[in-house]
Amino acid sequence: MHLRLWIATAALCVAGAQATRAQDDNGSERHKLDIVLAVLRAHSNAAGKPCLDAMTRVHQTEDQVSDLSKEVSNSNKSDNGADIARDVLDSDYETAQGVCRPDAQRACATDPNDKSCLALNRASAQ
């Protein structure tokens, strides 16, 4: 039960952070991860420990990016550290999407007509 609550909380935090990212587009790793997370939200028992660990890393990196971005905007200076952190975050999105996708696909095998599973299948076909 604790694990299900954690994935739901992590998914909501990530979804909230994504809403503030205007640079994301439908082909981005972040968008692909959102599709996978939608399935895992609908099937809360589906996420395995590797997926949860990857999402923890995503959340930590998002916090770092946010903190660095605030520092840069407050100091009116450019900072390569924030740019590097954003690159790391993109990599974390890609890793989490790759680790969590098999969990989502297994969940969809039992409920293929679920709205989030249909979206996952469409995204996989592209």
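That block above? That's the structure.
My aim in this report is to walk through the structure given alongside it, one point at a time. On a predicted model such as this, the values are computed, not experimentally measured, just so you know.

**Some thoughts on the packing of helix H2 (residues 29-42) against helix H5 (residues 115-125)**
In step 1: Orientation of H2 relative to H5, taken along the N-to-C sense of each, is 155°, at an axis distance of 8 Å. Considering their axes alone, H2 and H5 lie roughly antiparallel with respect to each other. Crossing angle aside, the handedness with which H2 passes H5 is left-handed. Between H2 and H5, the contacting residues are Ile35, Val36, Ala38, Val39 and Ala42 on the first element and Ser116, Cys117, Ala119, Leu120 and Ala123 on the second.
In step 2: When grouped by side-chain class, the residues that make up the contact of H2 with H5 number nine nonpolar, one polar and no charged.

**Focus: the pattern of salt bridges**
In step 1: Within the structure shown, the criterion is met by seven salt bridges.
In step 2: Notably, a salt bridge pairs aspartate 53 with lysine 49, separated by 3.0 Å at the nearest N-O pair. One end of the pair is aspartate 53 and the other is lysine 49, both in helix H3 (residues 49-75) and four residues apart, which spans about a single turn.
In step 3: A salt bridge links arginine 86 to aspartate 83, with the nearest nitrogen and oxygen atoms 2.8 Å apart.

**Re the environment of valine 72**
In step 1: With respect to the helices, strands and loops of the structure, valine 72 is situated in helix H3.
In step 2: A residue is classified by how much of its surface remains accessible, and valine 72, at 19% relative accessible area, is buried.
In step 3: Expressed as a C-alpha distance, the spacing of valine 72 and alanine 82, which sit 10 residues apart in the sequence, is 7.7 Å.

**Thoughts on the nonpolar core**
In step 1: Counting residues in hydrophobic clusters, the biggest one holds 23 residues, and the most contacted among them are Val39, Leu40, Met55 and Leu120.
In step 2: For this core, the secondary-structure elements that each account for two or more residues are H2, H3, helix H4 (80-110) and H5.
In step 3: Of all the elements, H4 adds the most residues to this core, at eight residues.
In step 4: For leucine 120, the contacting residues outside a window of four places in its chain are Ile35, Val36, Val39, Arg101, Ala104, Gln105 and Cys108.

The rules behind the values
Just so you know, the residues in each chain are numbered from 1, in the order the chain's sequence is written. Local features in this predicted model are restricted to residues of pLDDT 70 or higher, and side-chain atom pairs are both shown and tallied only at a pLDDT of 80 or more, whereas totals for entire chains, interfaces and linings draw on every residue. Hydrogens and waters are ignored; side-chain quantities use all the structure's heavy atoms. Axis lines are fitted through C-alpha atoms, for helices just across the contact stretch, and the angle between N-to-C directions can take any value from 0 to 180 degrees. Only DSSP runs of H or I covering at least 4 residues are called helices, and only runs of E covering at least 2 are called strands; the numbering of each starts at the N terminus. In these notes the angle categories are as follows: under 35 degrees is roughly parallel, over 145 is roughly antiparallel, 65 to 115 is roughly perpendicular, and the rest is oblique. Helix crossings fall into two classes, left-handed where the near helix is turned counterclockwise from the far one by less than a right angle and right-handed where it is turned clockwise. Whether two residues touch is decided by their heavy atoms; if any such pair falls within 4.5 Å, the residues are in contact. Polarity classes work like this: nonpolar for Ala, Val, Leu, Ile, Met, Phe, Trp, Tyr, Cys and Pro, charged for Asp, Glu, Lys and Arg, and polar for all others, with Gly in that last group. Salt bridge criterion: a side-chain nitrogen from Lys or Arg within 4 Å of a carboxyl oxygen from Asp or Glu. When accessible area is computed with a 1.4 Å probe and restricted to protein chains, residues below 20% of their type maximum are described as buried, those above 50% as exposed, and intermediate ones as partly exposed. To qualify as a nonpolar core, a set must consist of buried Ala, Val, Leu, Ile, Met, Phe, Trp, Tyr and Cys residues joined through side-chain atoms within 4.5 Å.

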